[in-house]
Amino acid sequence: MVFQTIRWADNNGAPYCPVCGCTGVYGYKTRALWKCKGCGKQFSVTSGTIFASHKLPIRDYLLAIAIFCNGAKGHSALQLSRDLDVQYKTAFVLAHKLREAMSSDLPTGGVSGEVEVDGGYFGGYIKPANWKENRRDRRLAKNQTGKRRVVVVMRERGGRTLPYVFKTEDGSIESIKAHVVPGSTIHADEATHWDALQVKYLTKRINHSQVYSDGAACTNQAESFFSRMRRAEIGIHHHIAGAYLDAYADEMAWREDNRRISNGEQYLLVSRAALMHPVSRTWNGYWQRSQ
Ligand SMILES: [Zn+2]
């Protein structure tokens, strides 16, 4: 019933066809299914959403969202599989579907006003050897694994957070120009590649080697996003990297933006985002395809 109310909020919670939009539907006594009077298609509350072709009972999805919202650092798939008493594979895909829903709830119209820009590197670690003579210089290009990526965040002061993944920080310039609304002021550190932003924006720069925050320019909010990413990396996911770095970055941006609202409101936001989100192209049938 909760899902029904959220999904069909624009029709007072009454189901309508996800295919043709027809509000005339037949219900079934024994199952939570409907049949469209217009096109004849059968559908459930999750048809055409991120929970499409679900295997678990609805109450497990409600519980998963509640568990997932709770906890500022995020939730590992292993924990989720224990809490829900489902297979690790199931929990892994479910967690990624919830991240995809959170991601779709990030601002699409770009960010504006006072915008802080900063980058943080993740992944591609090389373990330091125990003995000094065996240690390699991890800064040398030949010792890099090639998996290292940088998350560049654009963060509105008192507003929303937009993260994107790049190979290098200076590769983010065009994306910043595309996502930060003209007329905004950009706050960034002293790195020379940010100079390219000066042609489009008023920029304020801070030299971290000299002063932490001089009052005029500061990137504290961008750094607060990265400290959340690092806490999640250390406490939960161990290696936030590789193919899913952008998904984790979006999740942490969503958590940062919604950190002041109650768990109950977060739960409603994620539920709504999941039920408004079309079938996931990445995660629907993921294990079937990968076997
Ligand atoms: Zn229909």
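Look a little higher up for the structure.
About the cut-offs
- Every chain is numbered on its own, with residues counted from 1 as its sequence reads.
- Local features in this predicted model are restricted to residues whose pLDDT is 70 or higher, and side-chain atom pairs enter the listing and the counts only when it is 80 or higher, whereas totals over whole chains, interfaces and linings include all residues.
- Excluding hydrogens and water, the side-chain values take into account all heavy atoms of the structure.
- Helix axes are fitted to C-alpha atoms over the stretch in contact, other axes to C-alpha atoms as well, and angles between N-to-C directions run from 0 to 180 degrees.
- What counts as a helix is a DSSP run of H or I of at least four residues, what counts as a strand is a run of E of at least two, and both are numbered from the N terminus.
- When an angle is under 35 degrees it counts as roughly parallel; over 145 it counts as roughly antiparallel; between 65 and 115 it counts as roughly perpendicular; any other value is oblique.
- Helix crossings are classified by the rotation of the near helix relative to the far one: an anticlockwise turn of less than a right angle makes the crossing left-handed, while a clockwise turn makes it right-handed.
- Should any heavy atoms of two residues lie within 4.5 Å, those residues are considered in contact.
- Any N, O or S atom lying within 2.8 Å of the metal counts as a donor, with the limit raised to 3.2 Å for Na, K and Ca; because water is left out of the atom set, some sites can appear incomplete.
- Under this scheme a four-donor centre is tetrahedral when all angles range from 85 to 135 degrees, a four-donor centre is square planar and a six-donor centre octahedral when opposite donors are above 155 degrees with the rest from 65 to 115, and any other centre is irregular.
- The classification of residues rests on relative accessible area computed with a 1.4 Å probe and restricted to protein chains. Under 20% of the type maximum is buried, over 50% is exposed, and intermediate values are partly exposed.
- Between any two strands, at least two bridges found by DSSP are needed for them to pair.

### Some details on the packing of helix 2 (residues 58–69) against helix 8 (residues 263–276)
The contact between helix 2 and helix 8 brings their axes to 9 Å, and the two run at 125°. By the criterion of interaxial angle, the relationship of helix 2 to helix 8 is oblique. Viewed along their axes, helix 2 and helix 8 form a crossing whose handedness is right-handed. Across the interface between the two elements, L62, I65, A66 and C69 of helix 2 pack against N263, Q266, Y267, V270 and S271 of helix 8.

### Quick notes on the coordination of the zinc ion
The reference angle at a metal is 109.5 degrees if four donors form a tetrahedron and 90 or 180 degrees if six donors form an octahedron. Coordination of the zinc ion by the protein involves C17 (SG), C20 (SG), C36 (SG) and C39 (SG), with metal-donor separations of 2.3 Å. One can describe the site at the zinc ion as tetrahedral: its four donor atoms subtend angles covering 99 to 120° at the metal. Along the chain, the residues donating to the zinc ion are arranged with the sequence spacing C-x2-C-x15-C-x2-C. Here C36 lies in strand 2 (residues 34–36) and C20 lies in the loop between helix 1 (2–7) and strand 1 (25–27), a separation of 16 residues in the sequence. We classify C20 as partly exposed; its relative accessible area is 41%. A residue is classified by how much of its surface remains accessible, and C36, at 2% relative accessible area, is buried.

### What about the sheet that holds strand 4 (residues 114–122)?
Strand order in the open sheet formed by five strands is 6-5-4-7-8, with mixed pairing between adjacent strands. A single partner strand is all that each edge strand has here, and the edge strands are strand 6 (161–166) and strand 8 (202–206). If you compare each strand with its neighbour and ignore which way they point, the axes differ by 25° on average. Bridging between strand 7 (residues 185–189) and strand 8 involves five bridges; their strand directions are parallel. Bridge pairing links T185 to L202 in strand 8. The strands that helix 7 (residues 245–257) touches are strand 4, strand 5 (149–156) and strand 6; relative to strand 6, the one it contacts most, it runs at about 165°.

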